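# Results of the structural survey
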Amino acid sequence: MTCAFSHPVEGQPGTSRIRIASDPQGRPGFSKMTICLQCEDAGCVAACPANALWRDPATGAIYHKTDRCIGCQSCVLACPFGNMHWEEATNHPVKCDLCGGDPKCAKFCPSGALVFK
Amino acid sequence: MKILINGRAVTAFKGETVLTAARRAGVEIPTLCHHEAVEDSGACRMCMVEIREAGWDEDRTKLVTACLFPVEEGLSVQTDSPEVRRTRKEILELLLARSPEAEAVRVLAAKYGVESSPYPDREDAELPNCILCGICTRVCQALVTGAITMSERGPNKIVGPPFGEAADACIGCMACASSCPTNAIPVEDTGTTRTIWGRTFDLVPCAICGAPTGTREQIDWLAKKTGRAAADFEICVACKTKATGEVWHRISW
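Keep in mind the model is a prediction, meaning the values are calculated, not measured. (Residues numbered from 1 in each chain as written. Chains lettered and ligands numbered in written order. Predicted model: local features only at pLDDT ≥ 70, side-chain atom pairs only at ≥ 80, totals over all residues.)

## What about the overall build of chain A?
Across its full length, chain A holds four helices and six strands. In chain A, the succession of α and β elements from N to C terminus is α-β-β-α-β-β-α-β-β-α. The C-alpha atoms of chain A give 15 Å as radius of gyration, which agrees with the globular expectation for 117 residues (13 Å, within 12%). For chain A, the proportion of its 117 residues judged to be buried stands at 37%. Restricting the contact set of chain A to residue pairs at least 6 apart, pairs at least 24 apart contribute 42%. (Helix = DSSP H or I, 4+ residues; strand = E, 2+ residues; numbered from the N terminus. Rg over C-alpha atoms; globule rule 2.2 N^0.38 Å. Buried ≥ 20, exposed ≤ 12 C-beta atoms within 10 Å, placed from the backbone. Contact = placed C-beta atoms within 7 Å.)

Here it is as structure tokens:
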């Protein structure tokens, strides 16, 4: 929720970049969060025909440049981990942008399970 | 180098356009046909600005498109002069007659105080919201497969696959529709098929749950482009997320 509220679309909560994977078999304690892994050899970057996905050499994080995106969904198909999501409202994919260096998910996680360091 | 934009000295680099320099400096210039991923073409004329080159008489100016005009030493640019506003209004009247329902055109028209157009509306238009900006054709040509193009001339000019027939080259990726500034390109998604530009594509079902992924053609195109197996692309986002969770579960303690 924090993620969706941190990335609003026209005043409404946007698409969450962090997801909870629940267990199809219902094993206890399974629920795990998944989020962009900022892969070294990234499938999304290799698939993008418009160079809209780029890695900041300073931080190593991969960012999505909306202005360059052509909305072909290649990155959504290519991400092997299901961490690239399509946002209907903007016709663009969304991915974790680390909130520009201060991830709100980690800040608001009440149990301290999410840590950013 | 330094150029003057609305009287303010702004840093510009050799080879870039007035639009690039202005936007970097935070000066607003409206555009409809500009897209960062492709070359500019000066199609929509919304970015018209008034310039004066070094050495020109005080009262001599020229109207140019900011998206195509290269910066040069001593250039002076006015982005919101009476002449610029008058020109943009005129262009918006033409665009409004062509595509009265297009949201992006209406927003700009309202901003420039254009309420109605003195020109007659287009009748029986195939793509009523298309303003012929050419982002779709430039994107497809430069970055995807070049399946669509402009054809005919003057008032008959249209965008579409060659000869108006379903294009073999199209991979159904929807880049044209997604990057269209006026949402002019219709796409029909039924959950199992996608129809665009008169061609119907089957959507490959997710290998795990059967939900639609991409078109066969786009997946094959991606496999070739990235050197990965086509099967890599045939799992939906939700199933990939679950598989990632499964891995975390296996390796967590």
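Once the structure has been displayed, the description carries forward.
## Looking at the domain arrangement of chain B
Residues and elements named next belong to chain B. Taken domain by domain, chain B consists of domain 1 (2-87) and domain 2 (135-246). Taking only C-alpha atoms into account, the centre of domain 1 sits 35 Å from that of domain 2. For the side of domain 1 that touches domain 2, the residue count by class is four nonpolar, two polar and one charged. (Domains from an automatic or database assignment. Nonpolar A, V, L, I, M, F, W, Y, C, P; charged D, E, K, R; others polar.)

## A look at the interface of chain B and chain A
With 27 residues of chain B at the contact, the number on the chain A side is 27 residues. Listed by contribution, the elements that provide at least two residues to the side of chain B that touches chain A are helix 4 (135-143), helix 5 (175-179), strand 11 (212-215), helix 6 (216-226) and helix 7 (237-251) of chain B. By residue number, the principal contributor to the side of chain B that touches chain A is helix 7 of chain B, which donates nine residues. Looking at side-chain class alone, the side of chain B that touches chain A contains 13 nonpolar, nine polar and five charged residues.

## Quick look at the pairing of strand 3 (residues 48-52) of chain B
All names here are of chain B. Pairing geometry for strand 3 and strand 4 (residues 62-65), over four bridges, is antiparallel. Bridged to methionine 48 within strand 4 is threonine 65. Across three bridges, the pairing between strand 3 and strand 5 (residues 76-78) is antiparallel. Residue pairing in the sheet places glutamate 50 in a bridge with glutamine 78 of strand 5. (Pairing = 2+ DSSP bridges.)

## Comments concerning unusual backbone geometry
Excluding glycine, a negative phi dihedral is what most residues carry, and trans is how most peptide bonds are arranged. Residues and elements named next belong to chain B. Although it is not a glycine, asparagine 6 sits at a positive phi angle of roughly 50 degrees. In this structure, arginine 45 is a non-glycine residue whose phi angle is positive, near 70 degrees. Residue position: arginine 45 is located in the loop between helix 1 (18-24) and strand 3.

## Here we look at the sheet that holds strand 8 (residues 187-189) of chain B
All names here are of chain B. The strand order across the open sheet built from four strands is 8-9-10-11, with neighbouring strands paired in antiparallel fashion. The open sheet has two free edges, formed respectively by strand 8 and strand 11, since each of these has just one partner strand. For this sheet, the mean inter-axis angle between neighbouring strands, taken without regard to orientation, is 30 degrees. Pairing of strand 9 (residues 193-196) with strand 10 (residues 199-205) involves four bridges; the strand directions are antiparallel. Considered in strand 10, the bridge of threonine 193 is made with aspartate 202. Across the sheet, helix 6 is in contact with strand 10 and strand 11; its angle to strand 11 comes to roughly 70 degrees. (Axes fitted to C-alpha atoms, helices over the stretch in contact; angles between N-to-C directions.)

## With respect to helix 4 of chain B
All names here are of chain B. Of all the nine residues making up helix 4, seven are buried; the element is thus mostly covered by neighbouring parts of the structure. Among all positions in helix 4, only Ile135, Cys136, Thr137, Arg138, Val139, Cys140 and Leu143 are buried. The secondary structure elements touched by the buried residues of helix 4 are strand 6 (149-151), strand 7 (158-160) and helix 5.

## Brief notes about the sheet that holds strand 2 (residues 8-11) of chain B
Residues and elements named next belong to chain B. Spatially, five strands are ordered 2-1-5-3-4 in an open sheet, and the strand pairing comes out mixed. Only two strands of the sheet have a single partner each, and these edge strands are strand 2 and strand 4. Averaged over all pairs of adjacent strands, the angle between strand axes in this sheet comes to 40 degrees, irrespective of strand direction.

## A look at the pairing of strand 1 (residues 2-5) of chain B
Residues and elements named next belong to chain B. Where burial is concerned, the two faces of strand 1 differ: the one with Ile3 and Ile5 is buried and the one with Lys2 and Leu4 is not. Taking the residues that link successive antiparallel strands as the turn, the strand 1-strand 2 hairpin has two residues, and the phi of asparagine 6 there is positive, at about 50 degrees. Inspection of the sheet shows strand 1 paired to strand 5 by two bridges, in the parallel sense. By the bridge assignment for strand 5, isoleucine 5 is matched with valine 77.

## Notes on the packing of helix 2 (residues 82-98) of chain B against helix 3 (residues 103-111) of chain B
Residues and elements named next belong to chain B. Relative orientation of the contacting elements helix 2 and helix 3 amounts to 145 degrees, with a least axis distance of 10 Å. The element helix 2 and its partner helix 3 pack so that their crossing is left-handed. Together, Leu92, Leu95 and Leu96 of helix 2 and Val105, Leu108 and Ala109 of helix 3 make up the contact between the two elements. Considered class by class, the residues forming the contact of helix 2 with helix 3 number six nonpolar, no polar and no charged. (Left-handed = near helix turned anticlockwise from the far one by under 90°.)

## As for helix 2 of chain B
Under the 1.5 Å per step criterion, the end-to-end length of helix 2 of chain B is 24 Å for 17 residues, consistent within 8% with the ideal 24 Å. Those residues of helix 2 of chain B that are buried lie in contact with strand 3, strand 5 and helix 3 of chain B. (Expected span 1.5 Å × (residues − 1).)

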